[in-house]
Amino acid sequence: SPDAARRPEGRPDRHHGSLLDTVPKKGVLRVCTTGDYAPFTKLDPADGTYSGVDIKMARDLAKSLEAKPRFTATTWANLTKDVAAGRCDIGVGGVSITLPRARQVYFSEPTREDGKTPIVRCADKEKFGEGALADIDKPGTTVVVNPGGTNEQFARANIKQATIKLHPENTTIFQEIVEGRADVMMTDASETLYQSKIHPELCALHPDEPFTFSEKAYATPRGDDEFKEYVDQFVHLATHDGTYARYEDEWMK
Ligand SMILES: O=C(O)C(=O)C[C@]1(C(=O)O)C=C[C@@H](O)C=C1
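In this text the structure is predicted, and so the values were computed from the model without any measurement. (Residues numbered from 1 in each chain as written. Predicted model: local features only at pLDDT ≥ 70, side-chain atom pairs only at ≥ 80, totals over all residues. Heavy atoms only, no water.)

So, the domain arrangement of the protein chain
Okay, step 1: Splitting the protein chain by domain gives domain 1 (16-113 + 214-252) and domain 2 (116-204).
Okay, step 2: Of the roughly 1100 Å² buried between domain 1 and domain 2, counting both surfaces, carbon and sulfur atoms make up 53%.
Okay, step 3: It is D36, Y37 and M252 in domain 1 that bury the most area against domain 2; as a group they hold 38% of the surface buried on that side.
Okay, step 4: Applying the counting rule to domain 1 against domain 2 returns one salt bridge.
Okay, step 5: The salt bridge partner of D188 is K216, with a shortest N-O separation of 2.7 Å.
Okay, step 6: For the interface between domain 1 and domain 2, the tally reads four residue pairs in polar contact (both at pLDDT 80 or more).
Okay, step 7: Broken down by secondary-structure element, the contributors of at least two residues to the side of domain 1 that touches domain 2 are β2 (36-37), β14 (214-216) and α11 (243-252).
Okay, step 8: Class assignment for the residues of the side of domain 1 that touches domain 2 results in eight nonpolar, three polar and four charged. (Domains from an automatic or database assignment. Buried area = accessible area lost by both parts, 1.4 Å probe. Salt bridge = Lys/Arg side-chain N within 4 Å of Asp/Glu carboxyl O. Polar contact = N/O pair within 3.5 Å; in protein donor to acceptor, adjacent residues only side chain to side chain. Helix = DSSP H or I, 4+ residues; strand = E, 2+ residues; numbered from the N terminus. Nonpolar A, V, L, I, M, F, W, Y, C, P; charged D, E, K, R; others polar.)

This is how it looks when you write it as structure tokens:
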């Protein structure tokens with residue numbers, strides 16, 4: 001329709017209402033997620049099923065709307081674009097709020113705080129001293145980075161002397177450090193804690209004092225205030241009644 005042409009991308013069609021009404025009507029909540037970031041979103045390639053803290057949250061959100069979740073794979077470079085373009089109703093899975101992304105989508109109330117932290121082979125721990133940026137950013141050190149998200153942004157802004165090695169497959173990136181093809185990754189403290197649990201040879205350097213402050217949240221289409229408010233209420237309750245913490249414990253403990 002001529003109206004549709006004038007609507008900015010992602011804005012709900014007023015004639016069809018908010019996702020708050022259309023999701024229960026259709027019985028489906030379309031969820032975009034990368035599936036490559038445990039403990040938040042993890043795709044099992046064997047059977048195509050998703051698990052993770054934010055996957056559980058998305059299932060609860062869908063249920064509360066009398067809908068079934070339909071998970072769609074996306075990438076870190078495309079996640080917010082997919083939400084903005086209406087390819088899904090919500091983007092989840094350890095997504096950090098950033099101001100450039102906040103121009104494309106609405107972010108819900110945050111689920112947790114996080115921040116970039118170095119993870120290295122425990123055998124190398126001494127070499128990195130306090131684990132300050134100056135201890136890491138040295139010639140001869142290889143920093144491995146997954147492209148498209150806030151990790152890459154952080155590494156490009158802060159690494160000048162060390163070598164940056166891009167590794168596009170986030171599910172195998174920690175193996176690069178374990179096997180010595182890279183020395184350091186700087187990623188969210190939550191992920192360094194999880195990965196050092198499943199790879200005992202890896203140590204997080206200062207997960208309680210990350211380099212940056214960030215918050216994780218869910219992305220919804222810009223302009224749909226009613227849906228955003230509902231998702232905010234949902235997140236607020238789950239993060240205050242112990243549900244979110246319980247889902248995290250299932251992965252972290
Ligand atoms: O981009 C983001 O929002 C993220 O927090 C995701 C991100 C990243 O920063 O690249 C964080 C940790 C994972 O290793 C993969 C992706």
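What follows continues from the structure just given.
Brief notes about the packing of aromatic side chains
Okay, step 1: Counting across every chain of the model gives five aromatic pairs.
Okay, step 2: For the pair Y37 and F40, a centre-to-centre distance of 5.1 Å together with 80° between the ring planes defines the contact as edge-to-face. With respect to burial, Y37 and F40 carry one shared label: buried.
Okay, step 3: When the centroid spacing of 6.0 Å and the interplanar angle of 70° are considered together, the rings of Y37 and W76 count as edge-to-face. One end of the pair, Y37, is in strand β2; the other, W76, is in the loop between β5 (68-73) and α4 (79-84), with 39 residues separating them in the sequence. We note that Y37, like W76, is buried. (Phe/Tyr/Trp six-rings, centres within 6.5 Å; stacked < 30°, edge-to-face > 60°. Buried < 20%, exposed > 50% of the residue type's maximum accessible area, 1.4 Å probe, protein only.)

Some details on the sheet that holds β2
Okay, step 1: If you walk across this open sheet you meet the three strands as β2-β3-β4, and the pairing is antiparallel. Two strands lie at the open edges of the sheet, namely β2 and β4 (49-51), each paired on one side alone.
Okay, step 2: Direction of pairing for strand β3 (residues 41-44) relative to β4: antiparallel, over a ladder of three bridges. Along β4, the bridge assignment pairs L43 with Y50. (Pairing = 2+ DSSP bridges.)

Some points on unusual backbone geometry
Okay, step 1: Of note, the amide linkage connecting A38 to P39 takes the cis form, showing an omega dihedral of 5°.
Okay, step 2: You can see P39 is positioned in the loop between β2 and β3.
Okay, step 3: One non-glycine residue, E66, lies in the positive phi region at around 55°.
Okay, step 4: Mapped onto the elements of the fold, E66 is located in the loop between α3 (53-64) and β5.

Quick notes on the nonpolar core
Okay, step 1: Counting residues in hydrophobic clusters, the biggest one holds 40 residues, and the most contacted among them are L29, V31, M57, L61, I90, Y218 and V231.
Okay, step 2: For this core, the elements supplying multiple residues, two or more each, are α2 (19-26), β1 (28-33), α3, α4, β7 (105-107), α10 (225-240) and α11.
Okay, step 3: Element by element, the count of residues in this core is highest for α3, at six residues.
Okay, step 4: Those residues in contact with I90, other than ones at most four positions away along the chain, are L29, R30, V31, C32, L61, V83, Y218, A219, T220 and V231.
Okay, step 5: V145, A155, V184 and L205 belong to the second largest nonpolar core, which has twelve residues in total. (Core = buried A, V, L, I, M, F, W, Y, C linked by side-chain atoms within 4.5 Å. Contact = heavy atoms within 4.5 Å.)

Quick notes on the state of the cysteines
Okay, step 1: Within this structure, the stated rule accounts for two disulfides.
Okay, step 2: Covalent S-S linkage joins C32 and C88, the inter-sulfur distance amounting to 2.2 Å. Negative torsions about the S-S bond denote left-handed disulfides, and the value of about -110° found for C32 with C88 makes this one left-handed. Residue C32 is found in strand β1, and its partner C88 is found in the loop between α4 and β6 (90-91); the two are separated by 56 residues along the sequence. (Disulfide = S-S within 2.5 Å.)

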